[in-house]
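Observations on chain architecture
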Amino acid sequence: MVQEDDDRFFLTVEMSRNEAAVLFHSESKLTTECWWIPASEPTASPATLLGRTEGHEYSAEHWGDRWVFLSNRDAEDFQVLTAPIDRPSATEVLDAHVAGRRILSAEPFAGHLVLHEWADARQRLRVRFRDGSESVVELGETPAEVEFGDNPEYDSETLRFSYQALNLPHTVYEQHVATNERRMLKQTPVLGVDLARYRSTRTWAVADDGTRIPVDLVHRDDTALDGSAPVLLYGYGAYETSVPPYFSVARLSLLDRGWVFALAHPRGGGELGRRWYLDGKLLAKRNTFTDFTACIRHLVEEGVGARDRIAIRGASAGGLLVGAAMDLDPDAVAAVIAGVPFVDVVSTMSDPSLPLTITEWEEWGDPRTEPYASYMASYSPYDNVASRAYPAMYVTAGLNDPRVSYHEPAKWVAKIRAMRTNAAPILLKTEMGAGHGGPSGRYDAWRDEAMTLAFLLDVV
């Protein structure tokens, strides 16, 4: 039996890809321990693989005659190790660490490994063969999302993966790993739309400390980038979550009305490696917000948009992002869309009885002690509401939200309404039957997004 008694850890169980082993992973935000039993011996006692060392994160896979570990031991952006099945601690480096190239997963097949990684703020798939040779799945220069697809056959020589970009819908490809022959299996249909009319590019903002921040753009080919177009800038920037450029049918409603959509990648995410994340968490969290304001400033300086025609949008930790960015420069944007925003940071993180607080201390810090209390109060949107003008705001909450309690956005909006000095619309929409993800069901989700877009079109 495997039992995890530390509340910081989540315990999961899964079968290895070759179905030879049952794997148990116990993970916190900073530490991992893995155990295993042979799949043919379900009553065996689990054996640990690399043990548990504070700060060591790893995952394990069975690869025939050896183990494959994805590990951050002496490798901030992770490396791939191998070891004999009967001696898992006797590890050797198979794929060495490269700073800034963040390996997300190592998926074994009988004759090769597929590595899913971020390199130069782009997702990619890299194939490593057992003889040491390798190849990268070629996908062009357009910023895109590339994900490991449904590949249940361990002995397969073909790789299925999904691809989408800001101007291209979700597409599934199958590629032979040796010959690189590729065929498209399926693409989400987008009816009545000429996808060739949309352009997607990448630009780079410069933060206050000189750090370059990637920003992805999409617009119609007849939209002038001279500051006259309205702009929607989206961001997240937390939990090492890398937000790839994704396609949205609903977004076309804005693009066809002359809007530009921009996707910022501030520190706190993982697009440029583990250091990108570490420089945007705990006592470096303010970097996330100043990076985002640098992206706003960059869009203005490059003539993409103007201050009175830029809206910013984020949800959950992204709601914190847009709220904190608005506090840093309240005149920088015309509108703010904050979905289920995590805006009462100090109060929530001071209450260990809430579902996520204990596990979140490793992300934000524990405000019951200094220096975290003062630092978190310096950026928490609720604690920084002031008597000043505010841009138009559309804020959502979910009555059944276990992650961001509905009272966080509600009290934030109430405080802003009480203290602001202008009359811009500040709307709060509370979903009485929804949780953190908003309304469920296709049509309710579409209606919800339509309301958001209608608000943008009205105020910008």
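Keep in mind that what you see is a predicted model, and the values were worked out from it rather than measured.

**Structural notes on helix α3 (residues 286–301)**
End to end, α3 covers 22 Å across 16 residues, agreeing with the expected 22 Å (1.5 Å per residue, within 8%). When α3 is considered as a whole, its buried residues turn out to be T288, F289, T290, D291, F292, T293, A294, C295, I296, H298 and L299. Backbone geometry just downstream of α3 places G303 in the positive-phi region, at approximately 80°.

**Here we look at the pattern of salt bridges**
Per the stated rule, a full pass over the model turns up 40 salt bridges. In this structure, R52 and E33 form a salt bridge, with 3.0 Å as the shortest nitrogen-oxygen distance. Of this pair, R52 sits in the loop between β4 (47–48) and β5 (58–63) while E33 sits in strand β3 (residues 32–38), and the two are 19 residues apart along the sequence. With its nearest N and O atoms 2.9 Å apart, the salt bridge here joins R128 to D95. Residue R128 is located in strand β11 (residues 122–129), and its partner D95 is located in strand β8 (residues 92–95); the two are separated by 33 residues in the primary sequence. This pair shows no difference in class: R128 is buried, exactly as D95 is. A network of salt bridges, in which partner residues are shared, links D95, R101, E117, R124, R126, R128 and E134.

**What to know about the packing of aromatic side chains**
In this structure the tally under the stated criterion is twelve aromatic pairs. Each ring, one from W67 and one from F69, has its centre 6.4 Å from the other, and the planes form 25°; the classification is stacked. For the residue pair W67 and F69, the accessibility class agrees, reading buried in each case. Lying across the ring of F9, R52 places its NZ or CZ 4.3 Å from the centre.

**Topic: the side chain of D95**
According to the relative accessible area criterion, D95 is buried, its value standing at 4%. Polar contacts involving the side chain of D95 include one to the side chain of R128, which spans 2.9 Å. For D95, the contacting residues outside a window of four places in its chain are Q79, V80, R101, I103, L115, R126, R128 and E134.

**So, the sheet that holds β11**
The strand order β9-β10-β11-β12 describes an open sheet built from four strands, whose pairing is antiparallel. A single partner strand is all that each edge strand has here, and the edge strands are β9 (102–108) and β12 (134–136). Averaged over all neighbouring strand pairs, the angle between strand axes comes to 20°, with direction disregarded. Pairing geometry for β9 and strand β10 (residues 112–119), over six bridges, is antiparallel.

**What about the side chain of H56?**
Mapped onto the secondary structure, H56 falls in the loop between β4 and β5. Since its relative accessible area comes to 7%, H56 is described here as buried. In contact with H56, other than residues within four places in its own chain, are L30, T31, T32, L50, S71, N72 and R73.

Rules behind the numbers
- Residues take numbers from 1 onward in each chain, read along the sequence in its written order.
- Given that this is a predicted model, residues contribute local features only at a pLDDT of at least 70 and side-chain atom pairs are listed and counted only at 80 or more, while totals for whole chains, interfaces and linings are drawn from all residues.
- To obtain the side-chain values, all non-hydrogen atoms of the structure were used and water was disregarded.
- Strands here are runs of E lasting at least two residues and helices are runs of H or I lasting at least four, both read from the DSSP assignment and numbered beginning at the N terminus.
- Take the residue count of a helix, subtract one, and multiply by 1.5 Å to get its expected span.
- The cut-offs for exposure are 20% and 50% of the maximum accessible area for each residue type, with area from a 1.4 Å probe on protein chains only; residues under the lower value are buried, those over the upper are exposed, and the others partly exposed.
- Here, a salt bridge means any Lys or Arg side-chain nitrogen found within 4 Å of an Asp or Glu carboxyl oxygen.
- Side-chain rings of Phe, Tyr and Trp (the six-membered ring for Trp) are treated as a pair once their centres are within 6.5 Å; stacked means planes under 30 degrees apart, edge-to-face means over 60, and tilted covers the remaining angles.
- Only Lys NZ and Arg CZ are tested; either one counts as a charge over a ring when it is within 6 Å of the ring centre and within 35 degrees of the ring normal.
- We call two N or O atoms a polar contact when they sit within 3.5 Å, provided that within protein one can donate a hydrogen and the other can accept it, with sequence-adjacent residues counted only if both atoms are side-chain atoms.
- Any two residues whose heavy atoms approach within 4.5 Å at even a single point are treated as in contact.
- At least two bridges found by DSSP between two strands are what make those strands a pair.
- To get an axis, a line is fitted to the C-alpha atoms, and for a helix only the part in contact is used. The angle between two axes follows their N-to-C directions and goes from 0 to 180 degrees.

So far we have only geometry, and geometry alone does not tell us how the molecule works.
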